[in-house]
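Now for the letters of each chain:
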Amino acid sequence: MSHTQALAAFLADLEYSQIPDSVLDRTEDLFLDWVGSALASQGSRPIPLFERYAAKMGPAEGPAKILVNGKGSSAYFAALVNGASSHLVEQDDLHNSSVLHPATVVFPAVLAAAQDHGKSGKDLLLASVAGYEAGIRIGEFMGRSHYRIFHTTATVGTLAAAVGVGKLLGFDKEQFINLLGNAGTQAAGLWEFLRDAADSKQLHTAKAAADGLLAAYMTEDGLTGARNILEGDQGMAAGMSSDADPSKLSDRLGSRWALVETSFKFHASCRHTHPAADALLDLMQREGLNHEQIAKVVTRVHQGAIDVLGRVVVPTTVHQAKFSMGAVLGLIAVHGKAQLIEFQQHALSDAAVAAFREKVSMELDDEVDQAYPARWLGRVIVTTTDGRTLIGAIDEPKGDPGNTLSRPELEDKFQRLLAFSGARTPEQGHALIDKVWGLRDAQTLGELI
């Protein structure tokens, strides 16, 4: 368990002063993106179910804020609802090589605990960096085989959330080892929900955030956990992976800031659709094509895309459409974009989108598959109605670190997310943006949102 020990020691010793300004800036960027993703789901199924559960089972009021309704609750129930809401509209961040959505599990837990304990903006940033750094490395450790069956954001996300809260609470190395054991033994989340258009994906992130917080609070009070939950003979890798690489757990700790490798989502769909969507859009603009001139699109993809997207043939809900390669490319081809409004208005009811969906297929590509998950390459082969064969290729989808969103672009995305649900006016949105850009100077976080 030497790599687990090294990770725990790094987490315990990490100080705010050690974090480069560029990493702190990007953490604020990711936090703003997370808040927008959460508020965009206000009123959308199944988030009111989580709100009602929190109202029924939780306290009538409390120090931690539920973003979608502004109500106070306990840290546990605020983390639960905020974890669910920030993963619904498919606009939250993704780290490529771990295939982990860190924001939707780390920020709900850390913000709730910070509000519960009266912590500052700097405390939140430090804790969030710890959660990202640990979660990303654990996701990489679990490997590609894990993701085929298990939703990594649900499983590994439980540990990422726990680490963030543990850092907020000032854990030492021994506490972090126990914390990983207490979080890892709760890790769960299966991809089978995609076949039925079920709501379980929100349960995944809700429980990951809340159970990570639970593990940290219980560990602080003395609950011991398995000391080798990651590398042990009956640990996570043994039961959930066939290609785990323990060296990933301690990869360049202190010199590689994995958080800055995280991608923002530009399209409002499963990240596996983004490379092909960008490649198709680029090709259509380059060739001056409209959707009626396209007879067939073959997307050349990695196996992970087939595993996740191949389950959705004819989407029956808007959320399921976000996991349909044909539906996403149909929106791109017909409407030029696949953002929240396009999904809401056209994904299920537009005959042109439905017709285009039938023209799209996925095929495994060796180059794309070998590059994944470190790189998510976009490759499409388009056959036109006049018989031409055209190739589209992009190496960095919009939002990737090498093709990232600037702060003005993030602000624009944030305002679009708020407008989608009507959660805030543009003026209120600007005020929220100013608060997040000043996060490191905030002394308390109770009224941050």
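Note that the coordinates shown come from a computational prediction; the quantities given were computed from them, not determined experimentally.

Glancing now at the overall build of the protein chain. Each helix and strand counted, the protein chain has 19 helices and eight strands in total. In terms of overall size, the protein chain behaves like a compact globule, its C-alpha atoms giving a radius of gyration of 21 Å where 449 residues would be expected to give roughly 22 Å. A buried classification covers 59% of the 449 residues belonging to the protein chain. Taking the intrachain contacts of the protein chain between residues at least 6 apart in sequence as the baseline, contacts between residues at least 24 apart amount to 78%. Put simply, the protein chain shows about 16,100 Å² of open surface, and 49% of that area lies on carbon and sulfur atoms. Considering the protein chain, the positive charge centre built from 40 side chains and the negative charge centre built from 54 side chains are found 3 Å apart.

What follows is about the nonpolar core. Phe31, Ile138 and Leu230 are the most contacted members of the largest nonpolar core, which has 100 residues in total. When residues of this core are assigned to their parent elements, the largest contribution, 12 residues, is made by helix α6 (residues 121-149). The residues touching Ile138, leaving out its near neighbours within four places in the chain, are Leu7, Val156, Leu159, Leu180, Leu230 and Leu249. The next biggest cluster of nonpolar side chains, apart from the first, holds 48 residues, and it includes Leu280, Ala321, Ile332 and Ile394.

Quick look at the packing of helix α4 (residues 75-85) against helix α5 (residues 103-117) now. Contact pair α4 / α5: the axes reach a minimum separation of 8 Å and the direction vectors enclose 150°. By the angle between their axes, α4 is roughly antiparallel relative to α5. By crossing handedness, the relation of α4 to α5 is classed as right-handed. Between α4 and α5, the residues in contact are Ala75, Ala78, Ala79, Asn82 and Gly83 and Thr104, Pro108, Ala109, Ala112, Ala113 and Asp116, respectively. Residues belonging to the contact of α4 with α5 are distributed by class as follows: seven nonpolar, three polar and one charged.

Cis geometry is adopted by the peptide bond preceding Pro46, which originates at Arg45 and carries an omega value of 5°. In this fold, Pro46 is placed in the loop between α2 (21-39) and α3 (47-57). For the bond running from Tyr372 to Pro373, omega is 5°, close enough to zero to count as cis. The topology assignment puts Pro373 in the loop between α17 (366-371) and β7 (378-384). We note that Val99 has phi near 50°; this positive angle belongs to a residue other than glycine. Structurally, the position occupied by Val99 is in the loop between β3 (94-95) and α5. Exposure remark for Val99: the relative accessible area of 6% places this residue in the buried category. One non-glycine residue with positive phi stands out, namely Arg252, at about 50°. Note that Arg252 resides in the loop between α10 (236-240) and β4 (262-263).

Take the packing of aromatic side chains next. Throughout the structure, instances matching the rule amount to 10 aromatic pairs. Each ring, one from Phe31 and one from Phe107, has its centre 5.1 Å from the other, and the planes form 85°; the classification is edge-to-face. Taken as a pair, Phe31 in helix α2 and Phe107 in helix α5 lie far apart in primary sequence, 76 residues in all. On the basis of relative accessible area, Phe31 is assigned to the buried category, the value being 0%. With a centroid separation of 5.7 Å and an interplanar angle of 45°, the aromatic rings of Trp34 and Phe107 are classed as tilted. One end of the pair, Trp34, is in helix α2; the other, Phe107, is in helix α5, with 73 residues separating them in the sequence. For Trp34, a relative accessible area of 0% gives the class buried. Through a chain of ring-to-ring contacts, three or more aromatic side chains come together here, namely Phe31, Trp34, Phe107 and Tyr132. Lys322 extends its terminal NZ or CZ atom over the ring of Phe343, reaching a point 5.3 Å from the ring centre. Above the ring of Trp437, the side-chain terminus of Arg407 is found at 3.7 Å from the ring centroid.

Attention shifts here to the pattern of salt bridges. Summed over all chains, the structure comprises 30 salt bridges. A salt bridge links Lys201 to Glu90; the nearest nitrogen and oxygen atoms lie 2.8 Å apart. In this pair, Lys201 sits in helix α9 (residues 200-220) while Glu90 sits in the loop between α4 and β3, placing the two residues 111 residues apart along the sequence. In this structure, Arg256 engages Glu261 in a salt bridge whose closest nitrogen and oxygen atoms are separated by 2.9 Å. Salt bridges sharing common partners tie together Asp25, Arg26, Glu28, Asp29, Arg407 and Arg440.

One open sheet holds the four strands; their spatial order is β6-β5-β7-β8, and the pairing between them is mixed. In this open sheet, the two strands that pair with only one neighbour each are β6 (360-364) and β8 (389-394). Averaged over all neighbouring strand pairs, the angle between strand axes comes to 25°, with direction disregarded. Bridge count for strand β5 (residues 294-301) against β6 is five bridges, and the pairing is parallel. Bridge pairing in β6 places Val301 opposite Leu364. Running at roughly 125° to β8, helix α11 (residues 274-287) makes contact with β5, β7 and β8 of the sheet.

Viewed as axis vectors pointing N to C, α6 and helix α7 (residues 152-168) meet at an angle of 155°, and their least axial separation amounts to 7 Å. On the basis of their axis angle, the class for α6 and α7 is roughly antiparallel. As α6 packs across α7, the resulting crossing turns out to be right-handed. Counted by class, the contact of α6 with α7 contains 13 nonpolar, seven polar and two charged residues.

To continue, consider the pairing of β5. Strand residues, when the strand is regular, have side chains that alternate between the two faces of the sheet. Note that β5 and β7 share six bridges and pair antiparallel. Note that in β7 the partner of Thr299 across the bridge is Val380.

Cut-off values and rules
Residues numbered from 1 in each chain as written. Predicted model: local features only at pLDDT ≥ 70, side-chain atom pairs only at ≥ 80, totals over all residues. Heavy atoms only, no water. Helix = DSSP H or I, 4+ residues; strand = E, 2+ residues; numbered from the N terminus. Rg over C-alpha atoms; globule rule 2.2 N^0.38 Å. Buried < 20%, exposed > 50% of the residue type's maximum accessible area, 1.4 Å probe, protein only. Contact = heavy atoms within 4.5 Å. Areas by Shrake-Rupley, 256 points an atom, 1.4 Å probe, with all protein chains shown as cover. Lys, Arg positive; Asp, Glu negative; His and termini not counted. Charge placed at Lys NZ, Arg CZ, Asp CG, Glu CD. Core = buried A, V, L, I, M, F, W, Y, C linked by side-chain atoms within 4.5 Å. Axes fitted to C-alpha atoms, helices over the stretch in contact; angles between N-to-C directions. Parallel < 35°, antiparallel > 145°, perpendicular 65-115°, else oblique. Left-handed = near helix turned anticlockwise from the far one by under 90°. Nonpolar A, V, L, I, M, F, W, Y, C, P; charged D, E, K, R; others polar. Phe/Tyr/Trp six-rings, centres within 6.5 Å; stacked < 30°, edge-to-face > 60°. Lys NZ or Arg CZ within 6 Å of the ring centre and 35° of its normal. Salt bridge = Lys/Arg side-chain N within 4 Å of Asp/Glu carboxyl O. Pairing = 2+ DSSP bridges.

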